[in-house]
Amino acid sequence: LAPADRPLAFPAGNFLYRANRERTTALADRLRPQLERGAASSAELTGFLDALEQGEGWHDADKLAFREVVGDLADRAAESGAPAALRDRLRADSAALDQIQRLYDREMERVFAQFQTRGLPLRRESWDRYVGFLRTQHSARAVMDEVRPHVAPLVAPLPSRKVLTGATLPPKTLVLTFDDGPHRRHTASVLKTLALYGVKSVFFQVGRSVAGAAAQERELTAAGHLLGNHTYSHPNLPKLDLERLRPELDRTAAALREVSRATVSLFRPPYGALDERVRSEVDARQMRVMLWNIDSQDWADPVPRSIANRVIAQARARGRGVVLFHDIHARTVEALPQVLETLQAEGFRFVLWDGAQILDRGEPPPVAAAPAGPERALYGESFALVVGINDYAKWPKLSHAVRDALAVRDALVNRFGFKPQNVTTLLDQDATRERILSALGDSLADPKRVKRNDRVFVFFAGHGATRELPSGRALGYIVPVEADTESYQGQAISMTNFQDVSEAIPAKHVFFVMDACYSGLALTRGNVGPASNPAAYLAEITKRTARQMLTAGGARELVADHGPGGHSIFTWTLLQGLEGKADLNGDGVITATELAAYIVPVVPSLSRQTPAFGNLVGGEGGDFVLALRQEDESLSAVSRRLDDEGVRLSEQLAALRRQIAEKRARNDALAVQVAAAQGALGVAPATAPAPAGAAAPRDAARRESDRGLALFRERRYPEALAALEAAFKQQPTAQLANNVGYVHYCLEHHAPALEWYRKALALDPKRAIAWANSGEALEKLNRPAEAIQAYGKFIALAPKHASLGRYRQRLAQLQAQPPRP
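Residues numbered from 1 in each chain as written. Predicted model: local features only at pLDDT ≥ 70, side-chain atom pairs only at ≥ 80, totals over all residues. Heavy atoms only, no water.

1. Comments concerning the overall build of the chain
For step 1, the next point in the chain: Scanning the chain from N- to C-terminus turns up 30 helices and 22 strands.
For step 2, the next point in the chain: Counting the 821 residues in the chain, one finds 52% classified as buried.
For step 3, the next point in the chain: Expressed as a percentage of contacts within the chain between residues at least 6 apart in sequence, the contacts between residues at least 24 apart total 75%. (Helix = DSSP H or I, 4+ residues; strand = E, 2+ residues; numbered from the N terminus. Buried < 20%, exposed > 50% of the residue type's maximum accessible area, 1.4 Å probe, protein only. Contact = heavy atoms within 4.5 Å.)

2. Examining the pattern of salt bridges
For step 1, the next point in the chain: Under the criterion given, the structure shown has 41 salt bridges.
For step 2, the next point in the chain: The partner of arginine 148 in a salt bridge is aspartate 5, with the nearest N and O atoms 2.6 Å apart. Of this pair, arginine 148 sits in helix H7 (residues 140-151) while aspartate 5 sits in the segment before helix H1 (9-31); the two residues are 143 residues apart in sequence, bridging distant segments of the chain.
For step 3, the next point in the chain: Arginine 148 gets classed as partly exposed once you look at its relative accessible area, which sits at 26%.
For step 4, the next point in the chain: Aspartate 98 serves as the salt-bridge partner of arginine 67, at 2.9 Å between the closest nitrogen and oxygen. Of this pair, arginine 67 sits in helix H4 (residues 67-79) while aspartate 98 sits in helix H5 (residues 84-112), placing them 31 residues apart in sequence.
For step 5, the next point in the chain: The exposure class assigned to arginine 67 is partly exposed, which follows from its relative accessible area of 28%. (Salt bridge = Lys/Arg side-chain N within 4 Å of Asp/Glu carboxyl O.)

3. Things to note about the packing of aromatic side chains
For step 1, the next point in the chain: For the coordinates displayed, the defined rule picks out 18 aromatic pairs.
For step 2, the next point in the chain: Where phenylalanine 178 meets phenylalanine 203, the ring centres are 5.1 Å apart and the plane angle is 15°; that geometry is what we call stacked. Residue phenylalanine 178 is found in strand E1 (residues 173-181), and its partner phenylalanine 203 is found in strand E2 (residues 202-205); the two are separated by 25 residues along the sequence.
For step 3, the next point in the chain: Taking the relative accessible area as the measure of exposure, phenylalanine 178 reaches 0% and is therefore buried.
For step 4, the next point in the chain: A relative accessible area of 0% means that phenylalanine 203 is categorised as buried.
For step 5, the next point in the chain: Through successive ring pairs, a cluster of aromatic residues spans Tyr379, Phe457, Phe511 and Phe624.
For step 6, the next point in the chain: Here the basic side chain of arginine 251 rests over the ring of tyrosine 232, its NZ or CZ set 3.7 Å away from the ring centre.
For step 7, the next point in the chain: Over the aromatic face of tryptophan 756 sits the side chain of lysine 759, whose NZ or CZ is 3.9 Å from the ring centroid. (Phe/Tyr/Trp six-rings, centres within 6.5 Å; stacked < 30°, edge-to-face > 60°. Lys NZ or Arg CZ within 6 Å of the ring centre and 35° of its normal.)

4. Digging into the sheet that holds strand E14 (residues 464-468)
For step 1, the next point in the chain: Reading across the sheet, the 3 strands line up as E14-E15-E16 and stay open at both edges, with antiparallel pairing between neighbours. The open sheet has two free edges, formed respectively by E14 and strand E16 (493-494), since each of these has just one partner strand.
For step 2, the next point in the chain: In terms of strand pairing, E14 meets strand E15 (residues 474-478) through 5 bridges, oriented antiparallel. Along E15, the bridge assignment pairs glutamate 468 with alanine 474. (Pairing = 2+ DSSP bridges.)

5. Thoughts on the nonpolar core
For step 1, the next point in the chain: Among the nonpolar cores identified, the biggest contains 78 residues, and Leu440, Val456, Phe457, Phe459, Phe498, Phe511 and Phe512 are the most heavily contacted of them.
For step 2, the next point in the chain: When residues of this core are assigned to their parent elements, the largest contribution, 7 residues, is made by helix H16 (residues 401-415).
For step 3, the next point in the chain: With residues near it in sequence (within four places) discarded, phenylalanine 512 still touches Leu440, Val458, Phe498, Ser502, Gln548, Met549, Leu550 and Leu616.
For step 4, the next point in the chain: One finds Leu340, Phe728, Ala753 and Leu754 within the second-largest nonpolar core, a separate group that totals 73 residues. (Core = buried A, V, L, I, M, F, W, Y, C linked by side-chain atoms within 4.5 Å.)

6. Topic: the packing of helix H13 (residues 304-318) against helix H14 (residues 330-345)
For step 1, the next point in the chain: Here H13 crosses H14 at 35°, and the two axes come no closer than 8 Å. Where H13 crosses over H14, the two elements pack in a sense that is right-handed. On H14, the residues touching Pro304, Arg305, Ile307, Ala308, Asn309, Val311, Ile312, Ala315 and Arg316 of H13 are Arg331, Glu334, Ala335, Gln338, Val339, Thr342 and Leu343. (Axes fitted to C-alpha atoms, helices over the stretch in contact; angles between N-to-C directions. Left-handed = near helix turned anticlockwise from the far one by under 90°.)

7. As for the side chain of arginine 806
For step 1, the next point in the chain: Positionally, arginine 806 belongs in helix H30 (residues 804-816).
For step 2, the next point in the chain: By relative accessible area, which is 16% here, arginine 806 ends up buried.
For step 3, the next point in the chain: Within the local environment of arginine 806, its side chain forms a polar contact with the side chain of glutamate 776, the two groups lying 2.8 Å apart.
For step 4, the next point in the chain: Discounting residues that sit within four places of it in the chain, arginine 806 has contacts with Gly198, Lys200, Asp360, Ala637 and Glu776. (Polar contact = N/O pair within 3.5 Å; in protein donor to acceptor, adjacent residues only side chain to side chain.)

8. Observations concerning H4
For step 1, the next point in the chain: The end-to-end C-alpha separation of H4 is 19 Å, in line with the 18 Å expected for 13 residues at 1.5 Å each.
For step 2, the next point in the chain: Turning to H4, its buried residues number three or more, namely Val69, Val70, Gly71, Asp72, Leu73, Ala74 and Ala77. (Expected span 1.5 Å × (residues − 1).)

9. Quick notes on the packing of helix H26 (residues 734-746) against helix H27 (residues 750-763)
For step 1, the next point in the chain: Two numbers describe how H26 lies on H27: the axes approach to 8 Å, and their chain directions differ by 170°. Classified by the angle between their axes, H26 and H27 sit roughly antiparallel to one another. Note on element contacts: H27 touches H26 through His750, Pro752, Ala753, Trp756, Tyr757, Lys759, Ala760 and Leu763, opposite Ala734, Ala737, Asn738, Val740, Gly741, Tyr742, His744 and Tyr745.
For step 2, the next point in the chain: Along the lines of polarity and charge, the residues of the contact of H26 with H27 split into 11 nonpolar, 4 polar and 1 charged. (Parallel < 35°, antiparallel > 145°, perpendicular 65-115°, else oblique. Nonpolar A, V, L, I, M, F, W, Y, C, P; charged D, E, K, R; others polar.)

10. Structural notes on the environment of glutamate 714
For step 1, the next point in the chain: The topology assignment puts glutamate 714 in the loop between helix H24 (697-713) and helix H25 (717-730).
For step 2, the next point in the chain: Separated by 73 residues in the primary sequence, glutamate 714 and arginine 641 have C-alpha atoms spaced 6.2 Å apart.

11. Notes on the pairing of strand E12 (residues 423-427)
For step 1, the next point in the chain: Relative to E12, strand E11 (residues 382-388) runs parallel, the two being bridged by 5 bridges. Pairing of leucine 385 across the sheet is with threonine 424, part of E12.
For step 2, the next point in the chain: Running through H16, the crossover from E11 to the neighbouring parallel element E12 is right-handed. (Right-handed = clockwise from strand over helix to strand, strands pointing away.)

12. What about the confidence of the model for the chain?
For step 1, the next point in the chain: Looking at the chain as a whole, its pLDDT mean stands at 82, while 82% of the residues score no less than 70.
For step 2, the next point in the chain: Throughout residues 525-532 the model reports pLDDT below 50, and contacts reaching past four residues in sequence, or to other chains, amount to 22 contacts. (pLDDT = per-residue confidence, 0-100.)

13. Some remarks on unusual backbone geometry
For step 1, the next point in the chain: A cis amide bond links glycine 181 to the next residue, proline 182, at an omega of 0°.
For step 2, the next point in the chain: Within the element layout of this structure, proline 182 appears in the loop between E1 and helix H8 (186-197).
For step 3, the next point in the chain: One non-glycine residue, aspartate 180, adopts positive backbone phi at about 80°.
For step 4, the next point in the chain: By the element assignment, aspartate 180 lies in strand E1.
For step 5, the next point in the chain: The buried category is assigned to aspartate 180, whose relative accessible area is 6%.
For step 6, the next point in the chain: Phi at arginine 715 is positive, roughly 60°, even though this residue is not glycine.
For step 7, the next point in the chain: Its place among the elements puts arginine 715 in the loop between H24 and H25.

14. Brief notes about helix H17 (residues 433-443)
For step 1, the next point in the chain: Those residues of H17 that fall on the buried side of the exposure criterion are Ile436, Ala439 and Leu440. End-on, the buried residues of H17 take up no more than an arc of 85°, which puts them together on one face. Pointing more than 90 degrees away from the buried face of H17 are the exposed residues Glu434 and Asp442.
For step 2, the next point in the chain: Those residues of H17 that are buried lie in contact with E11, E12, strand E13 (455-461), E16, helix H18 (495-504) and strand E17 (509-515). (Arc of directions from axis to C-beta.)

15. Looking at the environment of aspartate 93
For step 1, the next point in the chain: Locating aspartate 93 in the fold gives a position in helix H5.
For step 2, the next point in the chain: As a C-alpha pair, aspartate 93 and leucine 52 span 41 residues in sequence and 8.6 Å in three-dimensional space.
For step 3, the next point in the chain: Beyond its immediate stretch of four places on either side in the chain, aspartate 93 contacts Leu49, Glu53 and Val70.

The following block contains the structure:
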């Protein structure tokens, strides 16, 4: 585009999207009444489906423009008296469009989300061909000439009077907002996600959509969210005269007052288009204008992961502000959990803000530092080097490497007792070749600092590369931030460097974990699993020196940079293992060998990469050890849970682990049979697996509780309930009773939940969170007077609790309700 037109490009795309949405909405409005008619009187609906299914010149990507229309029609047909043949046809067409979307997803991730691997980028093919076809049909110049009169006002300077963007909010404070709703299906899904993460939001509503959604609007306000005015028909306001402008504001205000009985004080102009004349009309109605400074662009981007990455990157860059989403897209529903989980984990707070005051602070629960644990008997001190690089100078930029590094660092400090001052973290511009080698070869190899009885953990997330040597052997490298893409050999760090460093480090155990492409090139074969006698095995492996490495992929393999929760596939699986899933024999300890045995079979099922595990020269058969601590979490509405993608992948992992466990059980049974046969023949039998001894009640309760909490995070509530109830039988504590009650609450068993909360309070009347949870259960049971008392108890017992704002708001809402007759 010409330089003068470039500022108009984004508003032009938004304008064209809006125009297309108006057309598809009008089409759906025309077709919907035809659902219940016979085929003879639904000619337009039948013609539309014929064109969609068989129309000449329709590319698959063209058909996706109607995915929402067909999905809505299929849902309504299932709910109404539509003929069976029509219901079946719509359902089949909707499923076909979903399949087209899935087939395009990976290609579109590479295009729209800059799909990344931790190596050089892959080629793109079929989507590029479709884009090439589009360019034969349309030119940028012609499109801009057509829309310029409509979009020029959208880039006019804002009025001189202040508008709200959140730039004055405290650091790491965000306001979540949604435009253009309510939507018949997607708004409800957004509400469920917000409730899961304990977040309140502002919903800017389009008046003409409000009229038929009174129940939805009441649900929004009852859940503590704010409603905002977004005009009646979403026009470009600066282009309207006063006669048409004023009803756009007033009709929406009236509709919102009628359904919510709340005063609407916030206004957002469509497209963000605002001039002094519009601003004066808004001021006259005592509303404040709230714009945004973090834009998801979810209206333009079809890839949920790309939307989430965009919001996360902008939030990190801005540090605070107002986030713009639209609750009318399925892709927004899919992107939202990753945004909330990632930013909450990084310390961001999502607050409810009306422009004058923060109504709900939404503070995440604090993470308590883990106490010293059993490692003290195995090691003197623990050291770590953690490296993550997204912002490469010359290599393709990555999205998740820094977050991977931070999550691993937090796990080492908070879960495994590494002292923060002993963990060196190098991110982005700090992760130069000189600093990485200095941290390894100078700091960690210093015998005055690192002693023989210590352990060292090294994690790298970033690019990797392979060089083919004249001998035919391949040499692997990790790539520091400043390395060149062509002559990287002198600027990267080869795997032979790690071999040299590992021998120079005086610590008893050293463990390298490398989440980079082409990193599986420095290994000899390691052990494949833990020994059958955990106590004897632990005693033996901690005596011997260990030099071990776990890599995300083998030689010449690309490894994925994307995965659930804002992590790579490999690091996400690693973190799942470190939460306790890699404790394969249930002894409360994770060894490097167990961690590898957990990760190696799983990652190839989720991504085309094969992790490798083995020993470096200098190892004597020892094994790096991480001792788990008992989790001490009281479950409540703000407890962390996996997003939908994480749940789906966890289910795949669970199925794989069951298969592995079944094979291991069969092998153990065969070993017992072989030993018995050898004994009968007078042959000295090989060592058979030792039977597991009965665990002490306290240890059994700890294991069941930890397992229950892990299942809860995966939203596998029935299994979590069984595990937590088993833990309570072994060790009846107030915390376990509360946790059993909250899982009942998640299953919508409100009366049993209340009974368990009362058990918790009988064991510990000062268990504040049990009072708060009781209040929510009592509300569900329609007992508001008792709920008020419960919330009051919580507030009195925990005046500094992180969730105080949430329950104060619930209390205020209950107290504001008229007394029941």
